[in-house]
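One-letter residues, chain by chain:
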Amino acid sequence: MDISEAVSLARSKGALFNLSETHGLLALEGQDRVSFLQALTCNDVNALDPGQGQHNAFLTPKSYIKAEFWLYREDQKHIIVSEKSQLPQILKLFNQFHFNEDISFKDISGQTAILAVQGPSSLDCLEVRLSSQTALESLGVNGLITGQIQNVETKIVQRSFTGEAGYLLLCDIAQEEDLINCLTNQSLPPHAHPCSLEVLNVLRTESGIPVYGKDMDETTMLLEIGLDEEIVDLDKGCFPGQEIVARTKSRGQLQKKLMGLKIKDQVNIPPGESIQFNGKTSGPIKSGVWSPTLNASIYFAYLNRNLQSQENEIEIQVGDQKLKATVCRPPFYVPPGITEKAKEEYTAGMNLYHGNDYPAAQEHFEKAIAINSYDSDAHEALSVVLEKTGNIDGAIVLNKKFAYLDPKAVMARTNLSRLYMLKGWKEKAEEEQAKATAIGWTLAAKGHKQKTDQDSQEKEKIADQERRLNIFKQVLEMDAEDEVANFGLGQLYLETGKYEDSIQALKMVINNNEQYSAAYALLGSALKKNNHSDEAMAILKKGISIAGAKGDLMPKNSMEEELKELRSE
């Protein structure tokens, strides 16, 4: 079976990968292990209950990545899973900062087999082999349980290495062969198909999953790989690199970022090669494969700010090769069928929600997100449930993660603004509301909210619009050139279909402040809706240039999408 066939099999059915040679484990015990990890790492270790896990990292004071790993909590210990190449560095850090704490850490890689079952049939493959009543179906992302797979005691973690549904399995090394034989036994369908690590590399690259040592290392700043919302909790308290991460996030000034390049031709670009574009050097190139799923060559690359536009087609030179490439934000590929399965769970959750059974509804919404991490409806519904049940911190974490996954998710930003206000964090609330505004009202109209009473909501909407209109007019009576009031007025007129009035107000903003990138986004939308397509394209191009120079990524992405739609009409 060649790589193309194996990739197709893994995406359509289920695959088994043996990670015992590439990955390792550390076990941490002792009463001080939580406080010890909390002080050293950038995610909130305190938030983990037994049976839960998280993506985490060690950073330098300047926010460079010393190590990146997954952390899981059991009743009496924590387990770290990472590439074996990182274990010496992690142990070195532990020894460096360990003084009198009650904590011990041990490399147990040689005692533990590490397997991964991945693909659409992975859940069924495990469930038919579990000899005990293990609630695998309800296991959340990064959740950990222990079960018997035909007499092999196995720790099971829900974790995807391929973008598909998947699980990480840990068992005693002496029973590795028994577990593999059981999982691949064709007489008990569905079974897992053994695949090579070369196949896994193709699958994880297609799914936009970076790997330490290949796509990032100690010379990489955390924000450059785009995993900050998943790995970092800025509200947890002090940790190495926190100040730099917070300051860089607030200013949005990243000179380079890990992006994707898709090339139609089958090419071979060595890792580390620089990219030449318009006489300037960018890059370097990182992981790359030929993708049989996409029928294209795909590469990770660190691109300068001027090359980070989504779906931007560029001509680059790498060494002696001149190539046409499309810039994209990973993942390169999202598995089909995921949306439908997630919607089934979402619908079941909504039925329970309307019956006021919030705990059961929460389980279904979490399943929907585990199936499709981009399901905006499930994120919105789960956020509402968490808020209703008093879990404000959980709702904040959820919305932060979804805002990272989908930069156009206006409701995630709006929810964060409201949740931060509930916590009394006014500055953060205002910052998130500004981000929501910058994305643009035209991107917010795609069903983020369940409407149980259309007439009532319409009346509330009209009343809110009138209230906002009166506020803006009062401010403008005192200062006709006030930027914030004119921007708000332009946004309101755009929302209510008064496009000429919207254009007038937004032009006032730009005339007084040529650098107001969010105003260009709304003005482009207003001109487009008023059938001034040529002027809209000119405004959007100028706005994209200004936003790109300032590092205002939200309005920049919004304008690029608007411009793309105009060009296709």
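The coordinates are above.
K.L.:
Which parts of the structure should I look at to understand the overall build of the chain?
P.N.:
Across its full length, the chain carries 20 helices and 18 strands. Relative to a compact globule of 569 residues, whose C-alpha radius of gyration would be 25 Å, the chain shows 25 Å and is just as compact. The principal-axis extents of the C-alpha atoms in the chain amount to approximately 80 × 65 × 55 Å. Excluding contacts between residues fewer than 6 apart, the proportion of contacts in the chain whose partners are at least 24 apart in sequence is 64%. Surface summary for the chain: the accessible area is close to 26200 Å², and the carbon and sulfur share equals 47%. In the chain, which carries 60 positive and 80 negative side-chain charges, the distance between the mean positions of the two groups comes to 4 Å.

K.L.:
What is the right way to read the nonpolar core from this model?
P.N.:
In a soluble, globular protein the nonpolar side chains are often hidden away together inside. Core analysis: the largest hydrophobic core is formed by 47 residues, its most contacted members being Phe17, Leu19, Leu59 and Leu168. In terms of residue count, helix α6 (residues 197–206) provides more of this core than any other element does, 4 residues in total. Leave out the neighbours within four places in its chain, and leucine 19 touches Ile114, Leu115, Ala116, Phe161, Leu168, Leu197 and Leu200. Core analysis: the next-biggest nonpolar cluster, separate from the first, contains 24 residues, Leu494, Ala526, Leu527 and Ile546 among them.

K.L.:
When you look at the environment of leucine 223 in this model, what are you seeing that I'm missing?
P.N.:
Among the structural elements, leucine 223 can be located in the loop between α6 and α7 (228–231). Under the relative-accessibility criterion, leucine 223 is labelled buried at 8%. For leucine 223 and lysine 256, which are 33 residues apart along the polypeptide, the C-alpha to C-alpha distance reads 9.4 Å. Once residues lying within four places of it in the same chain are set aside, the contact partners of leucine 223 are Asp228, Val245, Thr248, Lys249 and Leu254.

K.L.:
Got a minute to help me understand the packing of helix α18 (residues 517–529) against helix α19 (residues 533–550) in this structure?
P.N.:
In a pair of packed helices, the angle between the axes and the distance between the axes together describe the arrangement. One way to put it is that α18 packs onto α19 with a least axis distance of 8 Å and a crossing angle of 165°. The angle between the axes of α18 and α19 places the two elements in the roughly antiparallel class. Seen along the crossing, α18 lies across α19 with a hand that is left-handed. In this structure, α18 contributes Ser517, Tyr520, Ala521, Leu523, Gly524, Leu527 and Lys528 to the contact, and α19 contributes Ser533, Glu535, Ala536, Ile539, Leu540, Lys542, Gly543, Ile546, Ala547 and Lys550.

K.L.:
Looking at this model, I keep getting lost on the pattern of salt bridges. Mind explaining?
P.N.:
It is possible for side chains bearing opposite charge to pair when their charged atoms get close. Taken as a whole, this structure holds 15 salt bridges when the rule is applied. Here lysine 343 makes a salt bridge to aspartate 377, at a shortest N to O gap of 2.9 Å. Here lysine 343 is found in helix α9 (residues 338–354), whereas its partner aspartate 377 is found in helix α11 (residues 376–388), with 34 residues between them in sequence. The exposure class of lysine 343 is partly exposed, given its relative accessible area of 29%. Accessibility expressed as a relative area gives 15% for aspartate 377, which makes it buried. Through salt bridges with shared partners, a single network forms among Arg11, Glu164 and Glu206.

K.L.:
Honestly, the packing of aromatic side chains in this entry has me stumped. Any pointers?
P.N.:
Centre-to-centre distance and the angle between the planes together describe a pair of aromatic rings. This model, assessed by the stated rule, comprises 10 aromatic pairs. Note on phenylalanine 58 and phenylalanine 94: the rings are 5.8 Å apart at their centroids and 85° apart in plane angle, and the pair reads as edge-to-face. You can see phenylalanine 58 sitting in strand β3 (residues 53–59) and its partner phenylalanine 94 sitting in helix α3 (residues 87–97), a full 36 residues away along the chain. Overall, the relative accessible area of 3% leaves phenylalanine 58 in the buried class. Taking 5.7 Å as the distance between ring centres and 45° as the angle between the ring planes, the aromatic pair formed by tyrosine 420 and tryptophan 425 counts as tilted. The class of tyrosine 420 is buried, set by a relative accessible area of 5%.

K.L.:
Looking at this model, I keep getting lost on unusual backbone geometry. Mind explaining?
P.N.:
Negative phi characterises most residues that are not glycine, and trans characterises most peptide bonds. Put simply, proline 189 and proline 190 share a cis peptide bond, and its omega is -5°. Locating proline 190 in the fold gives a position in the loop between α5 (176–183) and β11 (193–194). Looking along the chain, the bond that leaves proline 330 and enters proline 331 is cis, with omega of 10°. Position of proline 331 relative to the elements: it lies in the loop between β18 (321–328) and α9. If you check the backbone angles, asparagine 142 has positive phi at about 70° while not being a glycine.

K.L.:
Even after reading the chapter, I still don't get the side chain of asparagine 415, so can you show me in this structure?
P.N.:
With respect to the helices, strands and loops of the structure, asparagine 415 is situated in helix α13 (residues 410–423). A distance of 3.2 Å separates the side chain of asparagine 415 from the side chain of asparagine 399, its partner in a polar contact. Asparagine 415 has contacts with Glu380, Ser383 and Asn399, leaving out every residue within four places of it along the chain.

K.L.:
Explain the sheet that holds β11 here, please?
P.N.:
The pairing of strands in a sheet happens through backbone hydrogen bonds and is either parallel or antiparallel. In spatial order, the strands read β8-β9-β10-β7-β1-β11; together these 6 strands make up an open sheet with mixed pairing. Strands with a single pairing partner mark the edges of an open sheet, and in this sheet they are β8 (144–149) and β11.

K.L.:
Please explain the environment of glutamine 491 as it appears in this structure.
P.N.:
Looking at the element boundaries, glutamine 491 is found in helix α16 (residues 483–495). A sequence separation of 35 residues divides glutamine 491 from alanine 526, and the C-alpha atoms of the two residues are 9.0 Å apart.

K.L.:
Any chance you could explain the sheet that holds β3 here in plain terms?
P.N.:
Overall, antiparallel pairing links the 5 strands, which are arranged β3-β4-β5-β2-β6 in an open sheet. Only two strands of the sheet have a single neighbouring strand rather than two, namely β3 and β6 (104–107). Adjacent strand axes in the sheet meet at a mean angle of 30°, parallel and antiparallel pairs treated alike. Against the sheet, helix α2 (residues 33–40) engages β2 (23–29), β3, β4 (65–73) and β5 (77–83), with an angle of about 40° to β5. Along the sheet, α3 makes contact with β2, β3, β4, β5 and β6, crossing β2 at roughly 20°.

K.L.:
I would appreciate a short explanation of the packing of α16 against helix α17 (residues 499–512) in the present structure.
P.N.:
Taken N-terminus to C-terminus, the directions of α16 and α17 make an angle of 155°; their axes are 8 Å apart at the nearest point. Taken together, the axis directions place α16 and α17 in an arrangement best described as roughly antiparallel. Pair α16 / α17 crosses with left-handed handedness. Touching Glu483, Asn486, Phe487, Leu489, Gly490, Tyr493 and Leu494 of α16 are Tyr499, Asp501, Ser502, Ala505, Leu506, Met508, Val509 and Asn512, all from α17. Its residues placed into classes, the contact of α16 with α17 shows 9 nonpolar, 4 polar and 2 charged.

K.L.:
I tried to follow the pairing of β8 on my own but got confused; where do I start?
P.N.:
For a regular strand, the rule is simple: side chains alternate between the two faces of the sheet. Looking at chain direction, β8 and strand β9 (residues 152–158) are connected through 6 bridges and run antiparallel. For glutamine 148, the partnering residue across the bridge sits in β9 and is glutamate 153. Connecting the antiparallel pair β8 and β9 is a turn made up of 2 residues, with glutamine 150 showing a positive phi of about 45°.

K.L.:
What should I look at first to understand the environment of threonine 154 in this one?
P.N.:
Along the chain, threonine 154 turns up in strand β9. Among the residues examined, threonine 154 registers a relative accessible area of 0% and is labelled buried. It is 9.7 Å that separates the C-alpha atoms of threonine 154 and alanine 113, two residues lying 41 residues apart in sequence. Not counting the four nearest positions on each side in its chain, threonine 154 is found in contact with Ile145, Thr146, Gly147, Ile149, Leu169, Leu170, Cys171 and Leu179.

Calculation notes
Residues numbered from 1 in each chain as written. Predicted model: local features only at pLDDT ≥ 70, side-chain atom pairs only at ≥ 80, totals over all residues. Heavy atoms only, no water. Helix = DSSP H or I, 4+ residues; strand = E, 2+ residues; numbered from the N terminus. Rg over C-alpha atoms; globule rule 2.2 N^0.38 Å. Contact = heavy atoms within 4.5 Å. Areas by Shrake-Rupley, 256 points an atom, 1.4 Å probe, with all protein chains shown as cover. Lys, Arg positive; Asp, Glu negative; His and termini not counted. Charge placed at Lys NZ, Arg CZ, Asp CG, Glu CD. Core = buried A, V, L, I, M, F, W, Y, C linked by side-chain atoms within 4.5 Å. Buried < 20%, exposed > 50% of the residue type's maximum accessible area, 1.4 Å probe, protein only. Axes fitted to C-alpha atoms, helices over the stretch in contact; angles between N-to-C directions. Parallel < 35°, antiparallel > 145°, perpendicular 65-115°, else oblique. Left-handed = near helix turned anticlockwise from the far one by under 90°. Salt bridge = Lys/Arg side-chain N within 4 Å of Asp/Glu carboxyl O. Phe/Tyr/Trp six-rings, centres within 6.5 Å; stacked < 30°, edge-to-face > 60°. Polar contact = N/O pair within 3.5 Å; in protein donor to acceptor, adjacent residues only side chain to side chain. Pairing = 2+ DSSP bridges. Nonpolar A, V, L, I, M, F, W, Y, C, P; charged D, E, K, R; others polar.

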